[in-house]
Amino acid sequence: MRLLGGLHYLMLAGRSPGWEWGEVRETLGRERDWLAAFTAGQTVQTNEVQRCWALVPAFLSLAGRPFELVELGSSAGLNLVWDRYRYRYAGGSWGPDGSPLELSGEERRPVPAELLSRDVEVVRRRGIDLEPVDLSSDDGVRLLSCFVWADQPERLERLRAAIEVARADPPEILRGDYVDVLPGILADRVSGALAVVFQTVSTIYLSKERYAELRRIVDEAEPPVAWISTRRLDEDETGVEGGFELELRADERAPARLVARLGYHGQWLEWRGLREP
Ligand SMILES: C[S@@+](CC[C@H](N)C(=O)[O-])C[C@H]1O[C@@H](n2cnc3c(N)ncnc32)[C@H](O)[C@@H]1O
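Just so it is clear, the model here is predicted, and its values are computed rather than measured. (Residues numbered from 1 in each chain as written. Predicted model: local features only at pLDDT ≥ 70, side-chain atom pairs only at ≥ 80, totals over all residues. Heavy atoms only, no water.)

The helix and strand tally for the protein chain stands at nine helices and twelve strands. Expected size for 277 residues packed as a compact globule is a radius of gyration near 19 Å; at 19 Å, the protein chain falls within 12% of this value. Overall size of the protein chain, expressed as C-alpha extent along the three principal axes, is 60 × 40 × 40 Å. Within the protein chain, buried positions represent 50% of all 277 residues. Counted over contacts in the protein chain with a minimum sequence separation of 6, partners at least 24 positions apart contribute 69%. Accessible area for the protein chain stands at about 12800 Å²; split by element, carbon and sulfur atoms hold 49% of it. Charge-centre separation for the protein chain: the mean point of 35 positive side chains lies 1 Å from the mean point of 46 negative side chains. (Helix = DSSP H or I, 4+ residues; strand = E, 2+ residues; numbered from the N terminus. Rg over C-alpha atoms; globule rule 2.2 N^0.38 Å. Buried < 20%, exposed > 50% of the residue type's maximum accessible area, 1.4 Å probe, protein only. Contact = heavy atoms within 4.5 Å. Areas by Shrake-Rupley, 256 points an atom, 1.4 Å probe, with all protein chains shown as cover. Lys, Arg positive; Asp, Glu negative; His and termini not counted. Charge placed at Lys NZ, Arg CZ, Asp CG, Glu CD.)

This is the structure:
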């Protein structure tokens, strides 16, 4: 994956002509040293913005108070600006008209129209990542783009549009291990706002011990704190195939509950909501 990402990076940078085998072989020879360093040092970095389409109903379930967003494993922070994209569901649309990015997907159970009529206000947004991607540089944009495969033009186009939105007003991203950084973040909050701590496809990388510590930090934080998270495989209730379970804890009085199932990239959504048994 790193080698293919490296080849794609060189193509995006105009240093490799294309994917014909002769062209690839020529690039492998000419850029041998660069590719060796890239594959040795660069971890695979992705930020899948389509997941926002599956997360929005969960965020809207919490509407009422201003949001202070905290994203764990935020990568470049594209999903931290989810409220600046436009979304289409069977029951209606949500988000600003004229956003460069409009997201839709396969709705396996409808999202209630009432949910889509709610507004949210975001007063602060912060992300934490071990290796944040800096989108202010062309290198960062190429880096994030190169791990989306070149034969997936729709994903690349979504990424390009999301980068345009994030670059216009970038969220704050802190570098570090979120299990260590989160307590400081939760100790410094906007008064009157609901802290919404969320993550997608990041806690799967934690050991069981570190994950238990993370959940304890969230559970013991000063209220009000909500939690939205794709579950780890060892937490699955339903044995979802080809996707994740999404859980939501609206506040400190309630346990986290299964509210949806979604495709790995948010390409389909089966919304259940908080009221389902
Ligand atoms: C598969 S990517 C998902 C990125 C983003 N959440 C999304 O859904 O598009 C996982 C991200 O989590 C980050 N990550 C994993 N463990 C972490 C930790 N302990 N602290 C901070 N970031 C972490 C990685 O650096 C990577 O950017």
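Don't stop here, the text continues.
Turning next to the packing of aromatic side chains. Across all of its chains, the model carries twelve aromatic pairs by this definition. A ring pair is formed by Tyr87 and Trp94, whose centres lie 6.3 Å apart and whose planes are at 40 degrees; its orientation type is tilted. An identical accessibility class is assigned to Tyr87 and Trp94; each is buried. Above the plane of the ring of Trp34 lies Arg15, whose end atom (NZ or CZ) is 5.2 Å from the centre. (Phe/Tyr/Trp six-rings, centres within 6.5 Å; stacked < 30°, edge-to-face > 60°. Lys NZ or Arg CZ within 6 Å of the ring centre and 35° of its normal.)

Because each turn of an α-helix spans 3.6 residues, side chains separated by three or four positions in sequence point in the same direction. Along helix H6 (residues 138-146), the positions that sit buried rather than exposed are Gly140, Val141, Leu143, Leu144, Ser145 and Cys146. Buried-residue contacts for H6 involve helix H1 (2-12), helix H3 (32-41) and helix H7 (153-168).

Attention now moves to the domain arrangement of the protein chain. In terms of domain boundaries, the protein chain breaks down into domain 1 (2-41) and domain 2 (51-136 + 147-271). In this structure, domain 1 and domain 2 have C-alpha centres spaced 33 Å apart. Taking both partners together, domain 1 and domain 2 bury about 410 Å²; carbon and sulfur atoms supply 76% of that area. The interface formed by domain 1 and domain 2 includes zero salt bridges. For the pair domain 1 and domain 2, the interface holds one residue pair in polar contact (both at pLDDT 80 or more). Tallying contributions element by element places H1 first for the side of domain 1 that touches domain 2, with four residues. Of the residues in the side of domain 1 that touches domain 2, the class split is three nonpolar, two polar and one charged. (Domains from an automatic or database assignment. Buried area = accessible area lost by both parts, 1.4 Å probe. Salt bridge = Lys/Arg side-chain N within 4 Å of Asp/Glu carboxyl O. Polar contact = N/O pair within 3.5 Å; in protein donor to acceptor, adjacent residues only side chain to side chain. Nonpolar A, V, L, I, M, F, W, Y, C, P; charged D, E, K, R; others polar.)

Its location among the elements puts Ser99 in the loop between strand S3 (92-94) and strand S4 (102-103). A distance of 2.8 Å separates a polar side-chain atom of Ser99 from the backbone oxygen of Arg84.

The packing of two helices is summarised by the inter-axis angle and the distance between the axes. Relative orientation of the contacting elements H1 and H3 amounts to 130 degrees, with a least axis distance of 9 Å. Taken together, H1 and H3 sit at an angle that is classed as oblique. For the pair H1 and H3, the sense of crossing is right-handed. Counting all contacts with H1, which are made through Arg2, Leu3, Gly5, Gly6, Leu7, Tyr9 and Leu10, the residues of H3 involved are Trp34, Leu35, Phe38, Thr39, Ala40 and Gly41. Of the residues in the contact of H1 with H3, the class split is eight nonpolar, four polar and one charged. (Axes fitted to C-alpha atoms, helices over the stretch in contact; angles between N-to-C directions. Parallel < 35°, antiparallel > 145°, perpendicular 65-115°, else oblique. Left-handed = near helix turned anticlockwise from the far one by under 90°.)

Now for the pattern of salt bridges. Per the counting criterion, the structure on display carries 31 salt bridges. In this structure, Glu68 and Arg124 form a salt bridge, with 3.6 Å as the shortest nitrogen-oxygen distance. In this pair, Glu68 sits in strand S1 (residues 67-72) while Arg124 sits in strand S6 (residues 122-129), placing the two residues 56 residues apart along the sequence. Among the residues examined, Glu68 registers a relative accessible area of 1% and is labelled buried. A salt bridge links Arg124 to Asp188, with the nearest nitrogen and oxygen atoms 3.3 Å apart. Of this pair, Arg124 sits in strand S6 while Asp188 sits in the loop between helix H8 (178-187) and strand S8 (194-199), and the two are 64 residues apart along the sequence. Relative accessible area serves as the criterion here: at 24%, Arg124 is assigned to the partly exposed category. The structure contains a network of salt bridges with shared partners spanning Arg215, Arg231, Glu235, Glu237, Glu245 and Glu247.

If you check the shell around the ligand, you find 19 residues, and the closest are Glu48, Arg51, Gly73, Asp129 and Thr200. Between the ligand and the protein, one listed contact pairs an oxygen atom with a side-chain N or O atom of Gln45 at 3.2 Å. Separating a nitrogen atom of the ligand from a backbone N or O atom of Tyr178 is a distance of 3.0 Å. Expressed as a share of its isolated accessible area of 600 Å², the protein-covered part of the ligand is 92%. Its residues placed into classes, the shell around the ligand shows five nonpolar, nine polar and five charged. (Near = heavy atom within 4 Å.)

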